[in-house]
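# Summary of the model geometry
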Amino acid sequence: MRACVPLIVAILFSLAWADLYSAPSSCRDRCHEAFDRHQPCHCDPRCPEFGNCCTDFESLCGHEGFSYSSDAITKEELQSISEKIYRADVNKAQKADIILNSQNRISPSETRDQVDRCPEPLFTYVNEKLFSKPTYAAFINLLNNYQRATGRGEHFSAQQLAEQDVFLREVMRTAVMKELYGFLRHQNRYGSEQEFVDDLKNMWFGLYSRGNEEEDSSGFEHVFSGEIKKGKVTGFHNWIRFYMQEKEGLVDYYSHIYDGPWDSYPDVLAMQFNWDGYYKEVGSAFIGSSPEFEFALYSLCFIARPGKVCQLSLGGYPLAIQTYPWDKSTYGNGKKYIATAYVVSSTQ
């Protein structure tokens, strides 16, 4: 028996040492701890967003109220909150506010033909009184703050930076964004409204490089204003931007491949068009929605389903949104910017 004592002590010491050595790679006794960049993995509530949780985070900390994976928000919850956001959009266009002339519908196989099959503009009439509403006015002020060609750096003046803050402030006053924030806070994604707003500003307006080394792009510019890359239109998924550019003679509407089932606004249209000499093969956009509505749904899907199809429900009809993160650069503690977000039509 005495001969066994040294062996037993050695085994116990070895196990204790192994447990001590592996502790930094575990969430054992670390749930809720503050972020520490020196740790090899993390156990704070937001580590799932950064993708740097320890492997046992879900099993050890998931029961403590964390939203511990991108799928922790269920499909049913997404459908429920999207319906609430849909009902809350009191700033949307009414039927009489927009007269749309969608004209010729083509098959998906014809989208590369670059043939103008619609002699008339898409928008016959828009009640521009909509644009005097605070969120519309703040949104429109942002659209001309960008150079559409990638590879050319974006440099904002103090006024342009202030316009970003005005837009965020105005949308956060709406029932739409209050619904979204309340939902995300309940899901443990944000602890305060200021934290939420700061994150929105970074994910949407933070600059990164799509071209050379220049910081030439952002999620907002790409999705709402539109860009030109390698001779093609990229992004440009907003009806207000489309209408204003069409009115100036810079957009030529060619055709569409999808028209949503909604008989009121917001509706969805997937279209082909030429933007001042550059072609967009398929550009899906909400029609008649308020700026805060689109901003809310795209943000919701990027937060809940980054890089995945996000299944929503609007007025009893299914709708899918696809978002993608920008993987080549990050902000904060490894969070990713929005690369793109758009409605997925049934033909895409």
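Scroll up for the structure.
Here's what I pulled together on the structure shown here. Predicted model, so just to flag it, every value in this text is computed and none were measured. The residue count restarts for each chain, going from 1 along the sequence in the order it is written. Two thresholds apply to this predicted model, a pLDDT of at least 70 for residue-level local features and 80 or more for giving and counting side-chain atom pairs, whereas whole-chain, interface and lining totals are computed over all residues. Water and hydrogen atoms play no part in the side-chain values, which are based on all heavy atoms of the structure.

## Quick notes on helix α4 (residues 75–88)
Heads up, the condition is: Put simply, DSSP marks the helices as runs of H or I at least four residues long and the strands as runs of E at least two long, and each gets a number from the N terminus on. For a helix, the expected span equals 1.5 Å multiplied by the residue count minus one. In this scheme, a residue with accessible area under 20% of its type's maximum is buried, one over 50% is exposed, and one in between is partly exposed, where area comes from a 1.4 Å probe on protein chains only. Note on contacts: a residue pair qualifies if any of its non-hydrogen atoms lie within 4.5 Å across the two residues.
The terminal C-alpha atoms of α4 lie 20 Å apart, and with 14 residues this matches the ideal 20 Å at 1.5 Å per residue to within 8%. For α4, the full list of buried residues reads Leu78, Ile81, Ser82, Glu83, Ile85, Tyr86 and Ala88. Of the surrounding secondary structure, the elements contacted by the buried residues of α4 are α7 (175–186), α11 (291–304) and β8 (309–314).

## Let's talk about the side chain of asparagine 238
The line we're drawing: Whenever a nitrogen or oxygen atom comes within 3.5 Å of another N or O atom, the pair is scored as a polar contact, on the condition that within protein one atom can donate a hydrogen and the other can accept it, and that pairs from neighbouring residues in sequence are kept only if both atoms are in side chains.
Among the secondary structure elements, asparagine 238 is positioned in the loop between β4 (232–234) and α10 (239–247). Of note is the side chain of asparagine 238, whose polar atom sits 2.9 Å from the backbone nitrogen of arginine 241. Within the structure, the side chain of asparagine 238 is placed 3.1 Å from the side chain of glutamate 294, a separation counted as a polar contact. In contact with asparagine 238, other than residues within four places in its own chain, are Phe139, Val223, Phe224, Ala285 and Glu294.

## Looking at the state of the cysteines
Using the following cut-off: In this description, the term disulfide denotes a pair of cysteine sulfurs within 2.5 Å.
Considering all chains together, one arrives at three disulfides under this definition. Linked covalently through their sulfurs, cysteine 27 and cysteine 43 form a disulfide whose S-S length is 2.1 Å. An S-S torsion of about -100 degrees defines the bridge between cysteine 27 and cysteine 43 as left-handed. With a gap of 16 residues between them, cysteine 27 in the loop between α1 (4–22) and α2 (47–50) and cysteine 43 in the loop between α1 and α2 connect regions that are remote in the sequence. Residue cysteine 27 shares its accessibility class with cysteine 43, and that shared class is buried. Paired by a disulfide, cysteine 41 and cysteine 54 hold their sulfur atoms 1.9 Å apart. As the torsion about the S-S bond is roughly 85 degrees, the cysteine 41-cysteine 54 disulfide counts as right-handed. Separated by 13 residues along the polypeptide, cysteine 41 in the loop between α1 and α2 and cysteine 54 in the loop between α2 and α3 (57–61) bring together distant segments of the chain. There is no split in this pair, since cysteine 41 and cysteine 54 are both buried.

## Observations concerning the side chain of histidine 237
Relative to the helices and strands, histidine 237 resides in the loop between β4 and α10. Polar contacts involving the side chain of histidine 237 include one to the main-chain carbonyl oxygen of serine 284, which spans 2.9 Å. Beyond its immediate stretch of four places on either side in the chain, histidine 237 contacts Val223, Lys280, Gly283, Ser284, Ala285, Glu294, Tyr298, Thr340, Ala341 and Tyr342.

## Topic: α7
The line we're drawing: Note that the arc is computed from the directions linking the helix axis to the C-beta atoms.
An ideal rise of 1.5 Å per residue puts 16 Å on twelve residues; α7 measures up with 16 Å between its terminal C-alpha atoms. Residues Val176, Met177, Leu180, Tyr181, Phe183 and Leu184 constitute the buried set of α7. Taken end-on, α7 shows its buried residues confined to a sector of 160 degrees, consistent with a single buried face. The elements touched by buried residues of α7 are α4, α6 (158–172), α8 (193–205) and α11. Asparagine 188, located one to two residues past α7, shows a positive phi value of around 65 degrees.

## Describing unusual backbone geometry
For residues other than glycine, phi is negative in most cases, and the peptide bonds are mostly trans. Between tyrosine 265 and the following residue, proline 266, the backbone shows a cis peptide bond with an omega angle of 5 degrees. Inspection of the secondary structure assignment puts proline 266 in the loop between β5 (251–259) and β6 (267–275). Despite not being glycine, glutamine 114 has its phi angle at roughly 55 degrees, a positive value. Looking at where glutamine 114 falls in the secondary structure, it is placed in the loop between β1 (98–100) and β2 (123–126). Despite not being glycine, phenylalanine 236 shows a phi value in the positive range, around 65 degrees. With respect to the helices and strands, phenylalanine 236 occurs in the loop between β4 and α10. With a relative accessible area of 2%, phenylalanine 236 lands in the buried category.

Keep in mind these values describe shape, not function.
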